[in-house]
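An overview of the molecular structure
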Amino acid sequence: MAADAPARLRIAPSPTGDPHVGTAYMSLFDLAVARRTRGQFILRIEDTDQARSTPEAEETIFQALRWLGLGWDEGPDVGGPYGPYRQSERLPLYRECAEQLVEQGHAYYCTCTPERLAALRQQQIAAKQPPGYDRRCRDLGLRPRPDEPHVIRMKMPLEGESIFTDLVRGELRRPFKDSDDQVIVKSDGFPTYHLAVVVDDHHMAISHVVRGEEWISSTPKHLQLYRCFGWEPPRFAHMPLLRNPDRSKVSKRKNPTSLLWYQRQGYLPEAMLNFLALLGWSMPDGREIFSFDDVVSNFTFDRVVTSGPVFALDKLQSINGQYIRGMDPEQLLERLFRRDYVRAQLPLVQERMRTLNEFHTATAFFYADELSYDRSLLIPKKAAPDDVPQWLKAVRQRIEEFRPWRAVPLEEQLRELVAEQSWNTGQVFMAVRVALTGSTQSPPLTETMEVLGREKTLQRLDRALQLLAEEAS
Ligand code: GLU
């Protein structure tokens, strides 16, 4: 592959929720191929799901990729000749492309109502048919007025099969009849992923699409779109999905999936990259400990595994341990200090410190894997013990998905909740404080939450609820 032309690869995360380990896993292979061929690695933000995308999530994607050293050559913050690199800034292009497909007879307007589609689905399920659109509008040549609700669908061939060569899996064949007439422009005028990804990969001159195997079934649609537009498609590599130990798709229910969690837990970025690379690929000499530069020098798609690798935390821990043992003490000292985390804690405790040592006692709770405290502390003075679990549950629910994860808005949420329920603010805050810090005395509560981070905050609330439940039984 070294002799290949410079490749252009992209990672295209959606800015929703926390930055996912899967994003790093794909990016690492993207960047390895880009470096190996002296090409480019591009970051494109797929933010057409307006309801779920947030600027905060975009920022944490930047942060997580930078932490891992997976820097991009073109992207929303650095620009580049093929931008803009946020899909929400490219809407006219998608619209124009979709209309071109309609003009040329490759796509059509569909005015079927959601009610009709739901009824159709019910009938199909009852008749044990695979659910899908029945193509009612396909040959009607509809021209809805702009104010009339409609979508645009692509016309999939009714016969034949899609054949393509996947760089990891070899030749793949899929009958066209398995693919629906996919919606490419939604009723809100936004493109769906399928249209946007094809238009962008073409306009950004992407040569290799490396993505999760969950997209294999969409590839025939994408290739069909390339054909209709008359564009040369990129090459595709569908990487094996990361799995939980029970073989289900890796999910935050069973494993932490946020890259920020691993950063905060003290994993080393180079160990994380090694672990992720090893999940999807192997070195020709079978070594398990290798650097990102080793991946760059040795990467070929034929060494990508095809069976679902298990994201096993103990394996990551063992790799991380090997890196730690391999460091010289001076390097380790620098890493141990975890400057960013300490810097974030400083404003919470500086005012109360009389000696340097007090910093460590005052912040020890940030580092504990599991806090140890007496359960009775969770029940504030004059509070009814039975009330505490419902406070903690309600607080957990209120903040679980809340964004932005910042002290002031979090405080507003908690105060609102307490007011709605006519609870006692002091008591509720005290119970939460003990759950999060193991003590009745701590730095300001929601500032502590901000620094502690979402995962640890939720974990500690769960742990307190568990303690209270044990006591009750
Ligand atoms: N936004 C898609 C995702 O996050 C991109 C998939 C692709 O790489 O085509 O999974």
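Note that this is a predicted model, so its numbers are computed, not measured. (Residues numbered from 1 in each chain as written. Predicted model: local features only at pLDDT ≥ 70, side-chain atom pairs only at ≥ 80, totals over all residues. Heavy atoms only, no water.)

**What to know about the overall build of the protein chain**
The helix and strand tally for the protein chain stands at 18 helices and nine strands. For the protein chain, the C-alpha atoms occupy an extent of roughly 75 × 55 × 40 Å along the three principal directions. Split into buried and exposed, the 473 residues of the protein chain put 49% on the buried side. If you take every contact in the protein chain between residues at least 6 apart in sequence, the share linking residues at least 24 apart comes to 74%. (Helix = DSSP H or I, 4+ residues; strand = E, 2+ residues; numbered from the N terminus. Buried < 20%, exposed > 50% of the residue type's maximum accessible area, 1.4 Å probe, protein only. Contact = heavy atoms within 4.5 Å.)

**Quick look at the packing of helix H14 (residues 387-400) against helix H16 (residues 425-437)**
The geometry of H14 relative to H16 is characterised by a closest axis approach of 10 Å and an angle of 75° between their N-to-C directions. Here H14 is positioned roughly perpendicular relative to H16, judged by the angle of their axes. Residues Val388, Trp391, Leu392 and Val395 of H14 form the contact with H16, whose own contacting residues are Gln427, Val428, Ala431 and Val432. Taken together, the residues that form the contact of H14 with H16 break down as seven nonpolar, one polar and no charged. (Axes fitted to C-alpha atoms, helices over the stretch in contact; angles between N-to-C directions. Parallel < 35°, antiparallel > 145°, perpendicular 65-115°, else oblique. Nonpolar A, V, L, I, M, F, W, Y, C, P; charged D, E, K, R; others polar.)

**Observations concerning the pairing of strand S9 (residues 235-239)**
Burial analysis of S9 places four of its five residues in the buried class, the great majority of the element. Regarding the hand of the β-α-β motif, the stretch spanning strand S8 (residues 208-212), helix H6 (residues 219-229) and S9 is right-handed. (Right-handed = clockwise from strand over helix to strand, strands pointing away.)

**Observations concerning the site of the ligand**
Taken together, the neighbourhood of the ligand is formed by Arg10, Ala12, Ser14, Glu46, Tyr193, Val197, Arg211 and Trp215. Within the side chain of Arg211, one N or O atom sits 3.3 Å away from an oxygen atom of the ligand. Here the shell around the ligand is composed, by residue class, of four nonpolar, one polar and three charged. (Near = heavy atom within 4 Å. Polar contact = N/O pair within 3.5 Å; in protein donor to acceptor, adjacent residues only side chain to side chain.)

**Topic: the nonpolar core**
As a rule of thumb, soluble globular proteins bury nonpolar side chains together. Among the nonpolar cores identified, the biggest contains 58 residues, and Leu70, Tyr262, Met272, Leu276, Phe292 and Phe311 are the most heavily contacted of them. The element contributing the most residues to this core is helix H1 (residues 21-36), with 10 residues. Residue contacts for Leu276: discarding those within four places in its chain leaves Val21, Ala24, Tyr25, Leu28, Phe29, Leu242 and Phe311. In terms of nonpolar packing, the next biggest core, distinct from the first, is built from 41 residues, Val342, Val349, Ala464 and Leu468 among them. (Core = buried A, V, L, I, M, F, W, Y, C linked by side-chain atoms within 4.5 Å.)

**A few points about the environment of Gln123**
Here Gln123 shows up in helix H4 (residues 114-126). With a relative accessible area of 53%, Gln123 lands in the exposed category. In sequence terms Gln123 and Arg44 are 79 residues apart; their C-alpha atoms lie 40 Å from each other.

**Some points on the state of the cysteines**
Per the counting criterion, the structure on display carries zero disulfides. Cys137 supplies the cysteine sulfur nearest to Cys112, a cysteine that is in no disulfide, at a spacing of 3.7 Å. Given the relative accessible area of 1%, Cys137 is considered buried. (Disulfide = S-S within 2.5 Å.)

**Quick look at the packing of H1 against helix H8 (residues 269-280)**
The interhelical angle for the contact between H1 and H8, taken along N-to-C directions, is 80°, at an axis separation of 9 Å. Judged by the inter-axis angle, H1 sits roughly perpendicular to H8. Along the contact surface, H1 presents Val21, Ala24, Tyr25, Leu28 and Phe29, while H8 presents Met272, Leu273, Leu276, Ala277, Leu279 and Gly280. Its residues placed into classes, the contact of H1 with H8 shows 10 nonpolar, one polar and no charged.

**A closer look at the environment of Glu213**
Here Glu213 lies in the loop between S8 and H6. Spatially, the C-alpha atom of Glu213 lies 8.5 Å from that of Ala237, the residues being 24 residues apart in sequence. Each residue touching Glu213, except ones within four places of it in the same chain, is listed here: Arg169, His238, Met239, Pro240, Leu241 and Arg243.

**Looking at unusual backbone geometry**
The amide bond that connects Gly83 to the next residue, Pro84, takes the cis arrangement and shows omega of 0°. Following Arg403, the chain continues to Pro404 via a peptide bond in cis, the omega torsion being -5°. Note that Pro404 resides in the loop between H14 and helix H15 (407-420). Notably, Lys382 is not glycine yet its phi reads approximately 65°, a positive angle. Among the residues examined, Lys382 registers a relative accessible area of 86% and is labelled exposed.

**As for the packing of aromatic side chains**
Counted according to the given criterion, the structure contains 16 aromatic pairs. Ring centres of Phe275 and Phe311 lie 5.1 Å apart, and the angle between their planes is 80°; on these two criteria the pair is classed as edge-to-face. Highlighted residues: Phe275 in helix H8 and Phe311 in the loop between helix H9 (292-298) and helix H10 (313-326), separated in sequence by 36 residues. We note that Phe275, like Phe311, is buried. Here the aromatic rings of Tyr341 and Tyr367 are separated by 5.5 Å at their centres, their planes lie at 75°, and the arrangement is edge-to-face. Residue Tyr341 is located in helix H12 (residues 339-349), and its partner Tyr367 is located in helix H13 (residues 357-367); the two are separated by 26 residues in the primary sequence. Residue Tyr341 is classed as buried on the basis of its relative accessible area of 9%. On the accessibility criterion, Tyr367 (35% relative accessible area) is partly exposed. Following the ring pairs from residue to residue traces out a cluster consisting of Tyr25, Phe29, Trp281, Phe290, Phe299 and Phe301. (Phe/Tyr/Trp six-rings, centres within 6.5 Å; stacked < 30°, edge-to-face > 60°.)

**Re the pairing of S8**
A large share of S8 lies buried, amounting to five of its five residues. Pairing geometry for S8 and S9, over five bridges, is parallel. Bridge assignment links Val210 to a residue of S9, and that residue is Ala237. (Pairing = 2+ DSSP bridges.)

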